[in-house]
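# Architecture at a glance
Below are the chains, spelled out letter by letter.
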2 protein chains.
Amino acid sequence: MTELQLDKPLLEATDRAGAANRERFAGLGLFVLNLMSGPGAGKTSLLERTVERLAGELRVGVIEGDIEGRADAERLARLGAPVTQINTHGACHLDPRPVMEAAEGLSLPDLDLLVIENVGNLVCPAEFDVGESGRAMLLSVPEGHDKPAKYPLMFRTADALLINKLDLLEMCDFDVDAAVHDARALNPALDVFQVSCRTGEGIDGWIDWLRSRVAAARGGRS
Amino acid sequence: MTELQLDKPLLEATDRAGAANRERFAGLGLFVLNLMSGPGAGKTSLLERTVERLAGELRVGVIEGDIEGRADAERLARLGAPVTQINTHGACHLDPRPVMEAAEGLSLPDLDLLVIENVGNLVCPAEFDVGESGRAMLLSVPEGHDKPAKYPLMFRTADALLINKLDLLEMCDFDVDAAVHDARALNPALDVFQVSCRTGEGIDGWIDWLRSRVAAARGGRS
């Protein structure tokens, strides 16, 4: 009980900072995506595909969240995307204040879409509002179809689920129907895409989803 | 800074509880393994292989840590292993006090080896001492060889690293030498096993490692 009482003011301050970020992003008509998954599910590969596919059409900025290192930021910078690195130095998720500091370094009025790649963790990032307009999560085929039941908050709070590494389906005991069924039992409104970032399979539907979200955010500019 | 000051007494209490668990386990001459990885890297599959291989030789008990559900505990109970489930209901790691409560339900004096399967998370469980005698972690091939640099604490604090899903090596861009090199740069004493829980490849070395740890803990009985 003591633990909860001590943490409550900090959590409330974090929520206020998240709400302030959301207001700032909405004022710019910018769609901000919080991209989450466990380690190695393919967040950066999806971002590479996304940046390549939207080149010349939408201006995509990226905030890379990692505990240490900047390897992913370098992968995306090579594609010409404006990217800022946040290193959490041990922390298991991104907080809204460093996210806004990083975002302000990206010349926000020049962007159509800002993607925040969160720390690879299927648990903690789901608990923290960084002020995003929407949430997408990846579940990769080798991780197994039993993950919705085990990590319910992430599936419950996502707007889109990408089932990635579909090219490994024949090598793994992954039941796509069971994964989709269990995820939608937690979150009936979840949009689901079956993709392979390696082969490009299924990426079209994902890109269309992003286009529609970017257009809606532009229309709602305050 | 406020955050650190608030959390410090709680962390110290957790550390004391971990140390108390370790003393209790040592008094029983019991080797207690804290088994950790990201989601879906194969902890439960490794445990199934381990229980099967040690049947009739060592008495293995299991504490299953999950946020929700008891599917993994049921998998292990089917193999005849005494198993207790801890559901953290949202928490991202196991704490030492619920671990001891669960352990006391397992008739500890009858066991040779107790395995604690932690919550699937490559970040937070590494920060919490549950009183284990040793730590093993899994990194699965589809997750990528770049994980040591990104999640250094887990690799730094492990005694054994199992590189799992070796059967998927040809389908993935995973450089085994780079993974081992980067992990050992963080932790030169790390024992590394290349395994496939699906095919059984490499499991012999892992079982020998466990046997030697169990024998050493028995010898050190206080």
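All of the points below concern the structure found in this document. (Residues numbered from 1 in each chain as written. Chains lettered and ligands numbered in written order. Predicted model: local features only at pLDDT ≥ 70, side-chain atom pairs only at ≥ 80, totals over all residues. Heavy atoms only, no water.)

## Thoughts on the overall build of chain A
The helix and strand inventory of chain A stands at eight helices and seven strands. The globule rule puts the C-alpha radius of gyration for 222 residues at 17 Å, and the 17 Å found for chain A is close to it. Structurally, chain A occupies a C-alpha span of about 55 × 45 × 35 Å along its principal axes. The 222 residues of chain A split such that 54% are buried. Taking the intrachain contacts of chain A between residues at least 6 apart in sequence as the baseline, contacts between residues at least 24 apart amount to 74%. (Helix = DSSP H or I, 4+ residues; strand = E, 2+ residues; numbered from the N terminus. Rg over C-alpha atoms; globule rule 2.2 N^0.38 Å. Buried < 20%, exposed > 50% of the residue type's maximum accessible area, 1.4 Å probe, protein only. Contact = heavy atoms within 4.5 Å.)

## Concerning the packing of helix H2 (residues 43-54) of chain A against helix H8 (residues 203-219) of chain A
All names here are of chain A. At a minimum axis distance of 11 Å, the contact between H2 and H8 shows a crossing angle of 70°. The angle between H2 and H8 places the two elements in the roughly perpendicular class. Handedness of the crossing formed by H2 with H8: right-handed. In this structure, H2 uses Leu46, Arg49, Thr50, Arg53 and Leu54 to contact H8, whose residues at the interface are Ile203, Asp204, Trp206, Ile207, Leu210 and Arg211. Of the residues that constitute the contact of H2 with H8, the class distribution is six nonpolar, one polar and four charged. (Axes fitted to C-alpha atoms, helices over the stretch in contact; angles between N-to-C directions. Parallel < 35°, antiparallel > 145°, perpendicular 65-115°, else oblique. Left-handed = near helix turned anticlockwise from the far one by under 90°. Nonpolar A, V, L, I, M, F, W, Y, C, P; charged D, E, K, R; others polar.)

## Section: the environment of B:Phe155
Along the chain, B:Phe155 turns up in helix H6 (residues 152-157). Not counting chain neighbours up to four residues away, the residues in contact with B:Phe155 comprise B:Met137, B:Leu139, B:Lys147, B:Pro148, B:Leu161, B:Ala183, B:Leu186, B:Asn187 and B:Leu190.

## Thoughts on the pattern of salt bridges
Residues and elements named next belong to chain A. Going through the model one piece at a time under the given rule, you end up with 34 salt bridges over all chains. For Glu104, the salt bridge goes to Arg24, with nearest N and O atoms at 2.7 Å. With a gap of 80 residues between them, Glu104 in helix H4 (residues 96-104) and Arg24 in helix H1 (residues 2-27) connect regions that are remote in the sequence. As a salt-bridge pair, Arg53 and Asp204 come within 2.4 Å of each other at their nearest N and O atoms. Taken together, the residues span a long stretch of sequence, with Arg53 in helix H2 and Asp204 in helix H8 at a distance of 151 residues. Assessed through its relative accessible area of 37%, Arg53 is described here as partly exposed. Classification of Asp204 by relative accessible area gives partly exposed; the value is 49%. (Salt bridge = Lys/Arg side-chain N within 4 Å of Asp/Glu carboxyl O.)

## So, the pairing of strand S6 (residues 160-164) of chain B
All names here are of chain B. Taken across its five residues, S6 has five buried, putting it largely inside the fold. Side chains Ala160, Leu162 and Asn164 project from S6 onto one buried face, and the interleaved Leu161 and Ile163 project onto a second face that is buried too. As defined by bridge partners, strand S5 (residues 134-140) adjoins S6 across five bridges and the pair is classed as parallel. Bridging from a neighbouring strand, Met137 pairs with Leu161 of S6. As defined by bridge partners, S6 adjoins strand S7 (residues 191-194) across four bridges and the pair is classed as parallel. If you follow Leu161 over to S7, its bridge partner there is Val192. After leaving S6, the chain enters helix H7 (residues 176-186) and then returns to the sheet as S7, a path that is right-handed. (Pairing = 2+ DSSP bridges. Right-handed = clockwise from strand over helix to strand, strands pointing away.)

## Some words on the relation of the copies chain A and chain B
The transform that puts chain A on chain B rotates by 180° and translates by 0.0 Å along the axis, for an RMSD of 0.0 Å. Both copies are brought into coincidence by an operation consistent with a two-fold rotation axis. A symmetric contact is evident, with 100% of the interface residues of chain A recurring at the interface of chain B. (Least-squares fit on C-alpha atoms with pLDDT ≥ 70 in both.)

## Here we look at the environment of B:Cys172
All names here are of chain B. Along the polypeptide, Cys172 turns up in the loop between S6 and H7. The exposure class of Cys172 is buried, given its relative accessible area of 13%. Along the sequence, Cys172 and Gly144 sit 28 residues apart, while their C-alpha atoms lie 8.0 Å from each other.

## Concerning H8(A)
Residue and element names in this part refer to chain A. An ideal rise of 1.5 Å per residue puts 24 Å on 17 residues; H8 measures up with 25 Å between its terminal C-alpha atoms. For H8, the set of buried residues is Ile203, Trp206, Ile207, Trp209, Leu210, Val214 and Ala217. Projected onto a plane normal to the axis of H8, the buried residues spread over an arc of 155° and lie on a single side. More than 90 degrees from the buried face of H8, the exposed residues found are Ala216 and Gly219. (Expected span 1.5 Å × (residues − 1). Arc of directions from axis to C-beta.)

Coordinates in, geometry out; function isn't part of it.
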